[in-house]
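Overview (structure and organization)
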Amino acid sequence: MRLPPHILVVNGIKVRRPVFLLGAPHSGTDLLGRALKRSPGFHVTMGRAGVAHVLYAFARKPSLGESSGAVRVLRDALAESWQVLPGSCRQCGEACRDAGGVTGAGPCVSTGDVTRFGDASPDLIYSAATLLRAFPDARFVQIVRDGRDVVADMLADPACLAWFKPAMLSEGTEFPNAFLGVNRDEHLDKWKGMPVAGKSALRWRSAVRLSATLRRDLPEDQLLTLRYEDLALRPAQAAASVADFLGTRVSKVALYGGPSEPGSRRSRLRPDDLALVEKVARQELTTLGYLTS
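Here we summarise the structure given alongside this text. (Residues numbered from 1 in each chain as written. Predicted model: local features only at pLDDT ≥ 70, side-chain atom pairs only at ≥ 80, totals over all residues. Heavy atoms only, no water.)

Concerning the packing of aromatic side chains
Spelled out, the test is: Aromatic pairs are defined between Phe, Tyr and Trp rings, using the six-membered ring for Trp, whenever the two ring centres lie within 6.5 Å; interplanar angles under 30 degrees are classed as stacked, those over 60 as edge-to-face, and all others as tilted. Secondary structure counts use DSSP, requiring at least four H or I residues in a row for a helix and at least two E residues in a row for a strand, with both numbered from the N terminus. Remark: exposure states derive from per-residue accessible area (1.4 Å probe, protein chains only) relative to the maximum for the residue type, with buried under 20%, exposed over 50%, and partly exposed in between. Here, a charge over a ring is recorded when the distance from Lys NZ or Arg CZ to the ring centre is within 6 Å and its angle to the ring normal is within 35 degrees.
Summed over all chains, the structure comprises 10 aromatic pairs. Ring centres 5.7 Å apart and planes at 70° place the aromatic pair Tyr56 and Phe179 in the edge-to-face group. Placement of the pair is Tyr56 in helix H2 (residues 49-60) and Phe179 in the loop between helix H8 (158-162) and helix H9 (188-192), with a sequence separation of 123 residues. With respect to burial, Tyr56 and Phe179 carry one shared label: buried. Taken together through their ring pairs, the aromatic side chains of Phe20, Trp82, Phe117, Phe135 and Phe140 make up a single cluster. In this arrangement the basic side chain of Arg145 is found over the ring face of Tyr228, its NZ or CZ atom lying 4.1 Å from the centre. Positioned over the ring face of Phe179 is Arg203, at 3.9 Å from the centre of the ring.

Below, the structure is given as structure tokens:
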């Protein structure tokens, strides 16, 4: 039996039906986050340091996310992120500031205009279960993208590649570990010797499996699944789907100009990297229709 929603108040505003955007790295959550930031009444944050600190602590040590205190810690981090204060946008990353059209210290919204909150921080999907416990009335929009294109973008992103360095693995790292895509600690040595394209494919594969679990467990009125390819190629229809799901207007203009076109891997992935990605994630690529068996 699901508990009733916890009533969180931020800047005098009750947080009801917050929206969280989920997906593997470079699956388009930032693109949709930009559109949602421009929707009337929404205050959407992306990658605030306090939230990221909690997410990556849970990523390294999944048992933390399952603990009794995890809900409070994540809820408090998001509440702090959502506060609208003078100069608060200085704490936001470049992507969030750009999405909000911030040129100074901010804030990017007025408390008088805010009725709903959301977050599109990278890697939220790995803490989706904790988010649901923290906000039982939350709405989730998850984006799935061709894993081969995802890996092409990950290989060009130093922030993603930094997670694959052995130094990033602390002694407290636990397994199975969805963030790394490693199921058992005895597989860790094999993971360490794997090319970064393979490690990227494991992260995509793990995120897709989490997405499938959410589709199975959450009702239709609480979860919407989109494909990045639809965001990029049919932005008007994608915006309409999100607007209908959330009950708000969503800017289709903000969906234009995504980071890379569908199929960009053809010119960006080396043949051996492409072959490795398709080997590691063949089942998921095939199930999603991105790869024919």
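Text resumes after the structure shown.
Looking at the nonpolar core
Put simply, the test is: The set of buried Ala, Val, Leu, Ile, Met, Phe, Trp, Tyr and Cys residues whose side-chain atoms join them within 4.5 Å is what this entry labels a nonpolar core. Contacts: residue pairs with any heavy atoms within 4.5 Å of one another.
One finds Phe20, Leu22, Trp82, Phe135 and Phe140 to be the most contacted residues of the largest nonpolar core, which totals 67 residues. For Trp82, the contacting residues outside a window of four places in its chain are Leu8, Val10, Asn11, Val15, Pro18, Phe20, His43, Thr45, Phe117, Gly118, Asp119 and Phe135. Membership of the second largest hydrophobic core comes to 28 residues, among which are Leu21, Ala35, Val44 and Ala243.

Description of helix H1 (residues 29-37)
Because an α-helix completes one turn every 3.6 residues, residues spaced three or four positions apart along the sequence face the same direction. Taking burial as the measure, the 9 residues of H1 include 8 buried ones, the bulk of the element. For H1, the full list of buried residues reads Thr29, Leu31, Leu32, Gly33, Arg34, Ala35, Leu36 and Lys37.

Concerning the sheet that holds strand E6 (residues 139-144)
Note the threshold: Two strands are said to pair when DSSP picks up at least two bridges between them. Orientation is described by lines fitted to C-alpha atoms, with helices fitted over the stretch in contact, and by angles between N-to-C directions that extend from 0 to 180 degrees.
Pairing in this open sheet of 5 strands is parallel, and the strands run E4-E5-E3-E6-E7 from one edge to the other. Where the open sheet ends on each side, the last strands, each with one partner, are strand E4 (42-45) and strand E7 (223-227). Across the sheet, the mean angle from the axis of one strand to that of its neighbour is 20°, orientation sign disregarded. As judged from the 4 bridges shared by strand E3 (residues 19-22) and E6, these two strands associate in the parallel manner. By the bridge assignment for E6, Phe20 is matched with Phe140. Against the sheet, helix H12 (residues 235-246) engages E3, E4, strand E5 (116-119), E6 and E7, with an angle of about 175° to E7.

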